[in-house]
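The residues making up each chain are set out below.
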Amino acid sequence: MGMRYVIQCFLLIACWAMGSMAFAAGTETQAPGAGKVHSSAEAQLLAVLNLAQKGDYDSAINDLTDLIEARPNFRLAQLVYGELMVARTGRSIDPAISEKMRDQRDALLDEAKSRWAHRVSAATEGKVPDVILQLGPEYDNAVVVDLSNNRLYLFENEQGVPRLVSDFYTTIGRGGAGKQVEGDMRTPIGIYHITRYIDDNQLPELYGVGALPVNYPNALDRLRGRTGYGIWLHGVPRTTYSRTPRASEGCVVIANDDFQSIREHVTIGKTPVIMTSGLNWVSAAEIEAQRSAMLAAIESWRHSWQAIDTKSYLAYYAPSFVSDKGLDKKDFAIEKKRINATKTKIEVDLSNISIMRYPGEDNMMKVMFNQDYTSNNYHAEDRKVQYWQQNDDGKWQIVLETEQD
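Residue positions are given per chain, counted from 1 along the sequence in the order it is written. Only residues with pLDDT of at least 70 get local features here, since the model is predicted, and only at 80 or more are side-chain atom pairs given and counted; chain-wide, interface and lining totals rely on the full set of residues. In computing side-chain values, all of the structure's heavy atoms are included and hydrogens and water are not.

1. Details of the environment of Ile274
Using the following cut-off: Secondary structure elements are defined from DSSP: runs of H or I of at least 4 residues count as helices, runs of E of at least 2 residues count as strands, and each element is numbered from the N terminus. In this scheme, a residue with accessible area under 20% of its type's maximum is buried, one over 50% is exposed, and one in between is partly exposed, where area comes from a 1.4 Å probe on protein chains only.
Relative to the helices and strands, Ile274 resides in strand β17 (residues 272-276). Judged by relative accessible area, which is 0%, Ile274 ranks as buried. A sequence separation of 82 residues divides Ile274 from Met356, and the C-alpha atoms of the two residues are 8.8 Å apart.

In structure tokens, the structure reads:
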């Protein structure tokens, strides 16, 4: 891989940047329709590449020197600096570097290409990822991690609709996406929530300024037989600004400044974290159509339960259904028939409904809501989590139901 190719990779970023972004060193930038990007260092780097594309290596190097002085641990910026210094002489750096150094440079190039790919495929105005159909009012924010493209998105809940606030470059597991077993170095695909915050002074330097663990494995992971633990969102050692795209043991890793920005917006025990391999950005109208269809299925399920129509009610549970008590469909049906035989009246009210498309599964939705159940002889208020899946006939059925995920 020659120096000319390296510069071309970086200049691809700059070429797009010139037509799409206004650069100001030390300020935030705005990607088209993609919300605020908090990484001023990234903006400064792209501004440097803009100068390099014009052949103004002296100005590019001078500006890059300022960036490196402010961010001496930004390894990608250091690489660009070295390449520009060599480019100014008209020579190639390849013969002068070892195989190990070349591998390190290739990893940094992957980081550069990942940042560029995000820019050229940024969401258009008014579109949202179809992994979030509805956010209940208890969720102020949601985090979506696109593992395939090394990008973390922070959304704000606006009356049930996610609004993109910020996005950040991120690192995932060395084994890629789709964790299955302990030690596979993969980052899981699924829907989780942040369980706690671990402060900087409680952590080794590897984790940077803090960590936000998530509840992997969740109920569906356990049903699927997935193992492992210790999946966190966390920062980076202070010796580096960011890590290359695949460098963790399965965690989602972000720059320390970006971690602090995210931490300010998350609620422990609540904020959902959706980890997916690729994102499908769609219009508000498409989301509304999918949301309405799912809400109709949920309402029909609720109505059949409230009407004490046990046969119709049980039809909403898939043959493969498993309850959080370990009951299969047959045993679950026996229990429900026994309970409903004692009822003369049932009222079921649902509130704070959230609906999210479950990544990595065929036509599956994760539904969460508060349930207020009243019958002639019993009353209970619970938080329910259901996993609905569309069967071959197009009918939505529940495959897993639990109170604790």
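2. Re the packing of helix α2 (residues 40-53) against helix α3 (residues 57-70)
So the rule is basically this: All axes are obtained by fitting lines to C-alpha atoms, using only the stretch in contact for helices, and the reported angles, taken between N-to-C directions, cover 0 to 180 degrees. Angular relationships are summarised with four words: roughly parallel below 35 degrees, roughly antiparallel beyond 145, roughly perpendicular across 65 to 115, and oblique for the angles in between. Left-handed describes a crossing whose near helix is turned anticlockwise from the far helix through less than a right angle; right-handed describes the clockwise counterpart. Contacts are assigned to residue pairs with any non-hydrogen atoms lying within 4.5 Å of each other.
Close contact between α2 and α3 brings their axes to 8 Å; oriented N to C, the two are set at 165°. By the angle class used here, α2 and α3 are roughly antiparallel. α2 and α3 meet at a crossing whose hand is left-handed. Seen from α2, the contacting residues are Ala41, Gln44, Leu45, Val48, Leu51 and Ala52; seen from α3, they are Tyr57, Ser59, Ala60, Asp63, Leu64 and Leu67.

3. Concerning the sheet that holds strand β19 (residues 317-323)
Defined as follows: Only when DSSP finds a minimum of two bridges between them are two strands counted as paired.
Across the sheet, which stays open at both edges, the six strands sit in the order β4-β20-β21-β22-β23-β19 with mixed pairing between neighbours. Bordering the open sheet on either side are β4 (132-134) and β19, each of which pairs with just one other strand. Averaged over all pairs of adjacent strands, the angle between strand axes in this sheet comes to 25°, irrespective of strand direction. For β19 and strand β23 (residues 396-402), the ladder comprises three bridges, and the chain directions are parallel. Its bridge partner being in β23, Ser323 is matched across the sheet by Glu401. Running at roughly 155° to strand β20 (residues 346-357), helix α8 (residues 284-306) makes contact with β4, β19, β20, β21 (364-375), β22 (379-390) and β23 of the sheet. Contacts from helix α10 (residues 329-340) reach β19 and β20, with the element oriented near 85° to β19.

4. Side note on the confidence of the model for the protein
This is how it is decided: Every residue carries a pLDDT, the predictor's confidence in it, which falls somewhere between 0 and 100.
The pLDDT averaged across the protein works out to 86; a share of 85% of its residues lies at or above 70. Here residues 12-38 is a poorly scored stretch, pLDDT under 50, and it has 70 contacts once near neighbours within four places are set aside; other chains count.

5. Points about the layout of surface pockets
Counted only if it meets this: Detection works on a 1 Å grid of protein atoms alone, calling trapped sets that fit a 1.4 Å probe cavities and calling open sets with protein on both sides within 12 Å along at least five of seven lines pockets, with lining residues defined by an atom within 4 Å of a point. Grid points are joined across faces, edges and corners, and a volume is the space filled by probe spheres set on the points. Residues are sorted three ways: Asp, Glu, Lys and Arg are charged, Ala, Val, Leu, Ile, Met, Phe, Trp, Tyr, Cys and Pro are nonpolar, and all the rest, Gly among them, are polar.
Volume-wise, the largest pocket comes out at about 490 Å³. As for the largest pocket, its lining consists of 23 residues, and the residues nearest its centre are Trp305, Lys325, Lys336, Lys384 and Glu403. Of all the secondary-structure elements, those providing two or more residues to the lining of the largest pocket are α8, β19, α10, β21, β22 and β23. When residues in the lining of the largest pocket are grouped by element, the largest group, five residues, is from α10. Tallied by class, the residues present in the lining of the largest pocket amount to ten nonpolar, four polar and nine charged.

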